[in-house]
Amino acid sequence: MTVVGGTDAGTTVREDGVPRVAGIGELELESGFRLPGVRIAYETWGTLAPDGSNAVLVEHALTGDTHVATGRARPGAPEAERRAAQSGGWWEGLVGPGAAIDTDRWFVVCTNILGGCYGSTGPATPAPPEVDPQGRPWGSRFPLVTVRDCVHAEAALADALGIDAWRLVIGGSMGGARALEWAVTYPDRVRACAVVAACAQSSAEQLAWGQAQKLAIRQDPHFRGGDYYDGPPPVTGLGLARRIAHITYRSADELHHRFGRSPQADEQVIDTHADGRGRYQVESYLDHQASKLAGRFDANSYLAVNETLMSHDVARGRGTLEEALSVTSCEWLVAAVDSDRLYLPHESDVLAAALPGDVRRHTLTSPSGHDGFLIETPQLGKLLVETVLREH
Ligand SMILES: CC(=O)SCCNC(=O)CCNC(=O)[C@H](O)C(C)(C)COP(=O)(O)OP(=O)(O)OC[C@H]1O[C@@H](n2cnc3c(N)ncnc32)[C@H](O)[C@@H]1OP(=O)(O)O
Ligand SMILES: N[C@@H](CCO)C(=O)O
């Protein structure tokens, strides 16, 4: 393994939440495509026990990154590295010293998904010389990566870090899909698995939302078939994709109670021309979510991870769902958000019922819909310490 940036996990000075990148070489994908020179970005928190028994893998969702919680860089690290480590993470409060996933006890690893744009190999990564002698980004040539491919890449990283088995693999949404795939692909390497706001197979409706998002990006004139890196990026299409997605991430009740029919401040919603009118608050809110995402994410990566999520089917090539899951022997936490209209609680029921043994489906109570898995961290932390992280 080659490590670029930060120091290695075996360092004597504990560093938390510092980005690193590991080269894992060529990866043969489910499609048969051989992806050369794969790099996986990751961050760690805590210290790996000498017997490797305390490793926890946290899997991020669609547009997430490796920074799950605040960390700390080594003394003397460059200012930018120290600031990045100290910034808040996307599961802040769930992971950290004394938190449910206690980094004084557990060695926490969070990877960036293959195909993403936060350090792992993805469409914006320069293609290797054998693919492009000029070193231009993969762009339209980037292959389809399945959830299973992502897990194989992470297994190579685990090998390199000296982690034979995870004490826990946990993820929400697309992170939950990866956690589940880990438990089935590598049953001997997962002691406990937490699948939050996720399902066993992307449903027809989830595929439908995925298609709409894909077309939003592809129809932006700046997209240019995916090879746009020498010009302006397709931010309009990416923003539209995020709007479509974000509506599915929140509940109708929440949107109603937060925004109702109110106009955005100082904007006039009844005007002579519909095109010239001001915005309702909810429109302004979606505009904000769209521009935030377009400012931080690569459109090709969005398409890549969207396709990856659409590929999610833990039973593909493994018989029935029950047959596919029968190879697992780990402890489970299966939890749904009660107001989730994207990953329906019923889909978590289906997963729990198909798992071997008597697995209960737990509930996170939230007005926020699917994004409740990111917001309801105290509830999720309590569930974790009562189930898969309880003292034996
Ligand atoms: C698992 C993962 O890896 S995810 C990785 C990170 N993912 C993300 O960041 C996803 C995007 N983020 C989110 O969806 C949310 O921030 C969550 C889920 C993390 C938290 O949700 P909430 O706290 O409920 O935030 P919410 O969705 O309401 O958004 C608040 C934002 O909307 C803005 N906003 C609220 N009302 C309006 C309005 N009428 N007009 C414009 N903007 C508005 C707020 O100012 C705030 O802006 P900011 O985020 O720039 O500070
Ligand atoms: N807000 C999350 C939701 C996806 O499940 C993300 O962007 O990753």
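What you see is a predicted model; the values in this text were computed from it and never measured. (Residues numbered from 1 in each chain as written. Chains lettered and ligands numbered in written order. Predicted model: local features only at pLDDT ≥ 70, side-chain atom pairs only at ≥ 80, totals over all residues. Heavy atoms only, no water.)

A. Broad picture of the overall build of the chain. Of regular secondary structure, the chain possesses twelve helices and eleven strands. Taken along the three principal axes of its C-alpha coordinates, the chain extends 70 × 55 × 50 Å. Classification of the 392 residues of the chain by burial places 55% in the buried group. If you take every contact in the chain between residues at least 6 apart in sequence, the share linking residues at least 24 apart comes to 70%. Accessible area of the chain: about 16500 Å², with a carbon and sulfur share of 52%. (Helix = DSSP H or I, 4+ residues; strand = E, 2+ residues; numbered from the N terminus. Buried < 20%, exposed > 50% of the residue type's maximum accessible area, 1.4 Å probe, protein only. Contact = heavy atoms within 4.5 Å. Areas by Shrake-Rupley, 256 points an atom, 1.4 Å probe, with all protein chains shown as cover.)

B. Fine view of unusual backbone geometry. Although it is not a glycine, Ser173 adopts a positive phi angle of roughly 60 degrees. In this fold, Ser173 is placed in the loop between strand 8 (168-172) and helix 3 (174-185). At Asp266, a residue that is not glycine, the phi angle is positive and equals roughly 65 degrees.

C. The packing of aromatic side chains, seen in detail. Tallying each qualifying case throughout the model produces eleven aromatic pairs. With 5.1 Å between their ring centres and 45 degrees between their planes, Trp182 and Tyr186 make a pair best called tilted. Given a relative accessible area of 0%, Trp182 falls into the buried group. Note on Tyr228 and Tyr229: the rings are 4.5 Å apart at their centroids and 40 degrees apart in plane angle, and the pair reads as tilted. (Phe/Tyr/Trp six-rings, centres within 6.5 Å; stacked < 30°, edge-to-face > 60°.)

D. Examining the site of ligand 1 more closely. In the vicinity of ligand 1 lie 21 residues, with Arg250, Arg258, Ser284, Tyr285 and Lys292 positioned nearest. A distance of 2.7 Å is found between an oxygen atom of ligand 1 and a side-chain nitrogen or oxygen belonging to Tyr285. One nitrogen or oxygen atom from the side chain of Lys292 is found 2.6 Å from an oxygen atom belonging to ligand 1. Listed by contribution, the elements that provide at least two residues to the shell around ligand 1 are helix 5 (235-249), helix 6 (252-259), helix 7 (281-296) and helix 11 (372-375). Broken down by element, the residue count for the shell around ligand 1 peaks at seven residues, all from helix 7. A breakdown of the residues in the shell around ligand 1 according to their chemical character gives seven nonpolar, eight polar and six charged. (Near = heavy atom within 4 Å. Polar contact = N/O pair within 3.5 Å; in protein donor to acceptor, adjacent residues only side chain to side chain. Nonpolar A, V, L, I, M, F, W, Y, C, P; charged D, E, K, R; others polar.)

E. Representation of the pairing of strand 7 (residues 107-111). Burial of strand 7 is extensive: five of the five residues sit out of reach of the surface. Judged by which residues are buried, strand 7 turns out to be covered on both faces: Phe107, Val109 and Thr111 on one side and Val108 and Cys110 on the other are all buried. Here strand 4 (residues 55-59) pairs with strand 7 via five bridges, running parallel. Residue pairing across strands places Ala55 opposite Phe107, the latter belonging to strand 7. (Pairing = 2+ DSSP bridges.)

F. Spatial organisation of helix 3. Between the first and last C-alpha of helix 3 there are 16 Å, a value that for twelve residues agrees with the 16 Å anticipated at 1.5 Å per step. The buried fraction of helix 3 is high, at twelve of twelve residues. Among all positions of helix 3, only Met174, Gly175, Gly176, Ala177, Arg178, Ala179, Leu180, Glu181, Trp182, Ala183, Val184 and Thr185 are buried. (Expected span 1.5 Å × (residues − 1).)

G. Up close: the pairing of strand 4. For strand 4, a buried count of five out of five residues is recorded, marking the element as mostly surrounded by other parts of the structure. In terms of strand pairing, strand 4 meets strand 8 through four bridges, oriented parallel. When the sheet's bridge partners are listed, Val56 is paired in strand 8 with Leu168.

H. Structural detail: the packing of helix 4 (residues 204-218) against helix 8 (residues 299-310). The N-to-C vectors of helix 4 and helix 8 enclose an angle of 160 degrees; their axes lie 10 Å apart at closest approach. In this view, helix 4 runs roughly antiparallel relative to helix 8, as classed from their interaxial angle. Where helix 4 crosses over helix 8, the two elements pack in a sense that is left-handed. Contact residues: helix 4 offers Leu207, Gly210, Gln211, Gln213, Lys214, Ile217 and Arg218, while helix 8 offers Ala299, Tyr302, Leu303, Asn306, Glu307 and Met310. Tallied by class, the residues present in the contact of helix 4 with helix 8 amount to six nonpolar, four polar and three charged. (Axes fitted to C-alpha atoms, helices over the stretch in contact; angles between N-to-C directions. Parallel < 35°, antiparallel > 145°, perpendicular 65-115°, else oblique. Left-handed = near helix turned anticlockwise from the far one by under 90°.)

I. Structural context of the side chain of Asp220. Counting through the fold element by element, Asp220 comes out in the loop between helix 4 and helix 5. As a buried residue without a salt bridge, Asp220 has its nearest oppositely charged side chain in Arg224, at a separation of 9.5 Å. Of note is the side chain of Asp220, whose polar atom sits 3.2 Å from the backbone nitrogen of Thr236. Those residues in contact with Asp220 that sit more than four places away from it in its chain are Pro234, Val235, Thr236 and Gly237. (Lys, Arg positive; Asp, Glu negative; His and termini not counted. Salt bridge = Lys/Arg side-chain N within 4 Å of Asp/Glu carboxyl O.)

J. Quick look at the nonpolar core. Counting residues in each nonpolar core, the largest one holds 75 residues, and the members touching the most others are Leu114, Trp166, Trp182, Tyr302, Leu325 and Trp332. It is helix 2 (residues 147-161) that provides the largest number of residues to this core, a total of seven residues. The residues contacting Leu114, other than those within four sequence positions of it, are Leu27, Leu35, Val38, Ile40, Ser120, Thr121, Val145, Cys150 and Ala153. If you look at the next biggest cluster of nonpolar residues, it comprises 31 residues, including Trp91, Ala100, Ala194 and Leu380. (Core = buried A, V, L, I, M, F, W, Y, C linked by side-chain atoms within 4.5 Å.)

K. Representation of the packing of helix 2 against helix 3 within the structure. Taken N-terminus to C-terminus, the directions of helix 2 and helix 3 make an angle of 70 degrees; their axes are 9 Å apart at the nearest point. If you check the angle between helix 2 and helix 3, you find them roughly perpendicular. Crossing geometry of helix 2 relative to helix 3 is assigned as right-handed. Touching Val147, Arg148, Cys150, Val151, His152, Glu154, Ala155 and Ala158 of helix 2 are Ala177, Arg178, Glu181, Trp182 and Thr185, all from helix 3. Per-class residue counts for the contact of helix 2 with helix 3 are seven nonpolar, two polar and four charged.

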